[in-house]
Amino acid sequence: MVMNKELISMLTMEDIVREGHPLLRKVAEEVTLPLSEEDQSILKDMIEFLRNGQNPEVAEEYGLRPGVGLAAPQINVSKRIFVVRTTDSQDELVEQAFVNPKIISHSQETTFLSDGEGCLSVDRSIDGTVPRYARVKIEAYDETGKKFTKRLRGFLSIVFQHELDHLNGIMFYDRIDEDDPLKKEVPASLKV
Ligand SMILES: Cc1nc(NNC(=O)[C@H](CC2CCCC2)CN(O)CO)c(F)c(N2CCN3CCOC[C@@H]3C2)n1
Ligand code: NI
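Because the structure is a prediction, the values reported are computed rather than measured. (Residues numbered from 1 in each chain as written. Chains lettered and ligands numbered in written order. Predicted model: local features only at pLDDT ≥ 70, side-chain atom pairs only at ≥ 80, totals over all residues. Heavy atoms only, no water.)

Participant: I'm lost on the coordination of the nickel ion (ligand 2) in this one. Help?
Facilitator: Each pair of donors in an ideal octahedron of six around a metal sits at 90 or 180 degrees, and each pair in an ideal tetrahedron of four sits at 109.5 degrees. Looking at the nickel ion (ligand 2), the protein donor atoms are Cys119 (SG), His162 (NE2) and His166 (NE2), and they sit 2.1 to 2.4 Å from it. Read N to C, the donor residues that coordinate the nickel ion (ligand 2) are spaced as C-x42-H-x3-H. Highlighted residues: His162 and His166, both in helix 3 (residues 154-167), separated by four residues, approximately one helical turn. Its relative accessible area of 1% is what places His166 among the buried residues. (Donors = N, O, S within 2.8 Å, 3.2 Å for Na, K, Ca; no water. Helix = DSSP H or I, 4+ residues; strand = E, 2+ residues; numbered from the N terminus. Buried < 20%, exposed > 50% of the residue type's maximum accessible area, 1.4 Å probe, protein only.)

Participant: I tried to follow helix 1 (residues 37-53) on my own but got confused; where do I start?
Facilitator: Structural remark: α-helix, 3.6 residues per turn; residues separated by three or four positions point the same way. The terminal C-alpha atoms of helix 1, which comprises 17 residues, lie 24 Å apart, in line with the 24 Å expected from a rise of 1.5 Å per residue. Along helix 1, the residues that are buried comprise Asp39, Ile42, Leu43, Met46, Ile47, Phe49, Leu50, Asn52 and Gly53. Buried residues in helix 1 make contact with helix 2 (56-62), strand 1 (69-71), strand 2 (81-87) and strand 3 (93-106). (Expected span 1.5 Å × (residues − 1). Contact = heavy atoms within 4.5 Å.)

Participant: Just checking my understanding: could you explain the nonpolar core for this structure?
Facilitator: As a rule of thumb, nonpolar side chains are buried together in soluble globular proteins. In terms of nonpolar packing, the biggest core is built from 23 residues, with Met46, Phe49, Leu70, Ile75 and Val83 touching the most fellow members. Listed by contribution, the elements that provide at least two residues to this core are helix 1, strand 2 and strand 3. When residues of this core are assigned to their parent elements, the largest contribution, six residues, is made by helix 1. The residues contacting Val83, other than those within four sequence positions of it, are Leu43, Met46, Ile47, Leu50, Val68, Gly69, Leu70, Gln96 and Ala97. (Core = buried A, V, L, I, M, F, W, Y, C linked by side-chain atoms within 4.5 Å.)

Structure follows, in structure tokens:
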């Protein structure tokens, strides 16, 4: 399908950098607040990309892989920004920009997605358990530059940690234990 990129400002899969691109292994720069016009428009494009990917018609039309999160380094912008669009444990839609995000505390207990993880920057499927903190207390700024703290758990907590890793040059498969990739049991000592 030939797409006339000049007429489309939206992000497509062509804008997503893939494994091997240096930005995926760099620690991204903190963003100065308030966000510049450029950074605000980058955030808007990122949220739009997730919305489009979660819309079957649009995803089909533009060949988008669905995503629930996207980090700025994945679109060749080495800044500490990511966006998340998914439903939370109360099945509420969460569409959130995280600027200069930090984990300020976390549970000892770990969790993981039973089907493992994937990544829009990784064009292959990699089996293995990706251990994540079960609960995290985070601090970040939103698109208006307002500071907030939040306690995340479950799926949202996992997505947050996957995206935060991208800001620190970490890929999900870095966390798979080579000696026991499919381990499902959380070591007893880690249970709180
Ligand atoms: C689990 C999942 N990963 C999808 N893709 N991968 C991603 O989001 C990568 C980030 C996720 C990989 C594991 C944790 C974070 C992108 N990443 O590389 C950014 O760094 C999905 F698309 C998806 N869902 C379930 C919810 N559904 C709601 C309706 O719309 C479709 C959507 C599909 N669940
Ligand atoms: Ni990813």
